[in-house]
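Given next are the chains, with one letter for each unit.
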Amino acid sequence: MTPQPYKSFADSYDKIMEGRYVSLGWHAFQRERKRLGLRFTRVADLAGGTGEAALRFARQYPVTVVDRSQAMLARARRKMRGLTLLRQDLRNLKLPRLVDLAVCVYGGIHYLTSLRDLTKVFRQVRANLLPGGTFCFDQFTAHGLKTSYGGGRETFVGKDFVSIWTHRWDAKQSRSIIHVEGFSRRGKTWRSQPPETHLHQAFSLAQIRAALRVAGLKELRICELRSGRKPQAADHQRLIFARRIP
Ligand SMILES: C[S@@+](CC[C@H](N)C(=O)[O-])C[C@H]1O[C@@H](n2cnc3c(N)ncnc32)[C@H](O)[C@@H]1O
């Protein structure tokens, strides 16, 4: 079994991602929220990692961040007081109170590597939503994953870290495999970080729709993330809204 990622990598991840995708995702979410006329009172940020999305929501709503990585939650804790942080696996999600918005953004959904797990998580999401509550998540399409993480190497360099991502596309399993390694600096000493493997599973629109249906969630809207237009084969990323059927 592949060990769970986001241990040694948590620190560099946060520095690489900080502010990078948040604005894009946030604007897309707000655009669609307005279009659908949605309102919320309590939010859960699922696979919320270092809390980048949660920080935005927390300006308006009480937010619970759920993640299985202790290192990621530790970073979220340092960013803001008042967030409720829960260390849980989404497959066994159990929130202290039902919410009327559950989000899973910036690629959290790709860490579910089978349709069975995807459906399991959707069922848990439904069970933790108030009747009529909304579930919103984003996803890379297979085309998007292949284009962004389908073969090659990226190196990210900060003043106290270097992170090297080597990736390939596994056509048989329909997923990207990303090997992450790097170095971090404490004082004058550089240390190598234990390597991690990140699997990014692609799910087709048909699979997503089937999993939502089986879980008792009704599709509200699926669109291309940046533009908001209807899904097309050439899409890289999509945004999906569903509602708990009472
Ligand atoms: C790409 S990061 C997204 C982080 C976050 N949404 C953000 O705003 O930066 C993926 C996160 O999903 C978490 N994760 C992956 N699989 C999970 C699972 N089964 N249950 C809970 N968390 C999970 C990882 O620990 C990691 O923090």
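Sequence positions are assigned chain by chain, starting from 1 and proceeding in written order. Confidence filtering applies because this is a predicted model: local features only for residues at pLDDT of at least 70, side-chain atom pairs given and counted only at 80 or more, and all residues used for totals across whole chains, interfaces and linings. Heavy atoms throughout the structure, all of them, feed into the side-chain values; hydrogens and water do not.

A. View of the site of the ligand. Throughout this document, a residue counts as near a molecule or strand when at least one of its heavy atoms sits within 4 Å of that molecule or strand. In the neighbourhood of the ligand, 17 residues make up the surrounding shell, with Ala47, Asp67, Leu90, Val105 and Tyr106 lying closest. Definition of a polar contact: a pair of N or O atoms within 3.5 Å, with one able to donate and the other able to accept a hydrogen when the atoms are protein atoms, and with sequence-neighbouring residues admitted only if both atoms are side-chain atoms. In this structure, Asp67 approaches the ligand through a side-chain N or O atom, which is 2.6 Å from an oxygen atom. Between Arg68 and the ligand, the recorded distance is 3.2 Å, taken from a backbone N or O atom to a nitrogen atom. Here a cavity means grid points, on a 1 Å grid over the protein atoms only, where a 1.4 Å probe fits yet cannot get out; a pocket means an open set of points with protein on both sides within 12 Å along at least five of seven lines; lining residues are those with an atom within 4 Å of a point. Each molecule is checked against the cavity or pocket grid, and it sits inside if more than half of its atoms lie within 2 Å of the grid points. The pocket occupied by the ligand, as judged from atoms lying within 2 Å of grid points, is the largest pocket. As a working rule, the residues Ala, Val, Leu, Ile, Met, Phe, Trp, Tyr, Cys and Pro are called nonpolar, Asp, Glu, Lys and Arg charged, and the rest polar, with Gly in that last group. For the shell around the ligand, the per-class residue count stands at nine nonpolar, four polar and four charged.

B. Quick peek at the environment of Ser184. Only DSSP runs of H or I reaching four residues or more are called helices, and only runs of E reaching two or more are called strands; each is numbered from the N terminus. Mapped onto the fold, Ser184 is located in strand E8 (residues 175–186). Between the C-alpha atoms of Ser184 and Glu196, which are twelve residues apart in sequence, the distance is 14 Å. Among residues more than four places away in sequence, those in contact with Ser184 are Asp160, Phe161, Thr189, Trp190, Arg191 and Gln193. The contact definition used throughout considers only heavy atoms, calling two residues in contact when any of these lie within 4.5 Å.

C. Structural detail: the sheet that holds strand E1 (residues 43–46). Strand order in the open sheet formed by seven strands is E3-E2-E1-E4-E5-E11-E10, with mixed pairing between adjacent strands. Bordering the open sheet on either side are strand E3 (84–87) and strand E10 (217–224), each of which pairs with just one other strand. The mean angle between the axes of side-by-side strands here comes to 20 degrees, regardless of whether they run parallel or antiparallel. As defined by bridge partners, strand E4 (residues 99–104) adjoins strand E5 (residues 129–140) across five bridges and the pair is classed as parallel. Pairing of Leu101 across the sheet is with Thr134, part of E5. Fitting a line to C-alpha atoms yields each axis, with helices limited to the stretch in contact; the angle taken between N-to-C directions then spans 0 to 180 degrees. Sheet strands in contact with helix H4 (residues 70–79) are strand E2 (63–67) and E3, and its direction is about 175 degrees off that of E3. Here a strand pair is declared whenever DSSP counts at least two bridges between the two strands.

D. Fine view of the sheet that holds strand E7 (residues 161–170). With antiparallel pairing, the four strands of this open sheet are ordered in space as E6-E7-E8-E9. Lying at the two open borders of the sheet, with one neighbouring strand each, are strand E6 (151–157) and strand E9 (189–201). Strand-to-strand twist of the sheet, defined as the mean angle between neighbouring strand axes without regard to direction, takes the value 15 degrees. Pairing geometry for E8 and E9, over eleven bridges, is antiparallel.

E. Layout of empty space enclosed by the protein. Grid points are joined across faces, edges and corners, and a volume is the space filled by probe spheres set on the points. A complete count under the given rule lists one cavity of 30 Å³ or more for this structure. As a volume, the largest cavity reaches approximately 80 Å³. Of all elements in the fold, only helix H2 (22–36) and helix H3 (52–57) reach the threshold of two or more residues within the lining of the largest cavity. The element that contributes the greatest number of residues to the lining of the largest cavity is H2, accounting for three residues.

F. Summary view of the side chain of Asn128. Positionally, Asn128 belongs in the loop between helix H5 (115–127) and E5. Residue exposure (1.4 Å probe, protein chains only): buried if accessible area is under 20% of the type maximum, exposed if over 50%, otherwise partly exposed. Judged by relative accessible area, which is 6%, Asn128 ranks as buried.

G. Local environment of the layout of surface pockets. Computed from the structure, the largest pocket encloses a volume of approximately 800 Å³. Around the largest pocket, the lining is made up of 37 residues, and of these Pro5, Tyr6, Arg68, Gly108 and Tyr111 lie nearest the centre. Only helix H1 (10–17), H3 and E9 provide two or more residues apiece to the lining of the largest pocket. By residue number, the principal contributor to the lining of the largest pocket is E9, which donates three residues. When the residues that make up the lining of the largest pocket are grouped by side-chain class, the tally is 17 nonpolar, 13 polar and seven charged.

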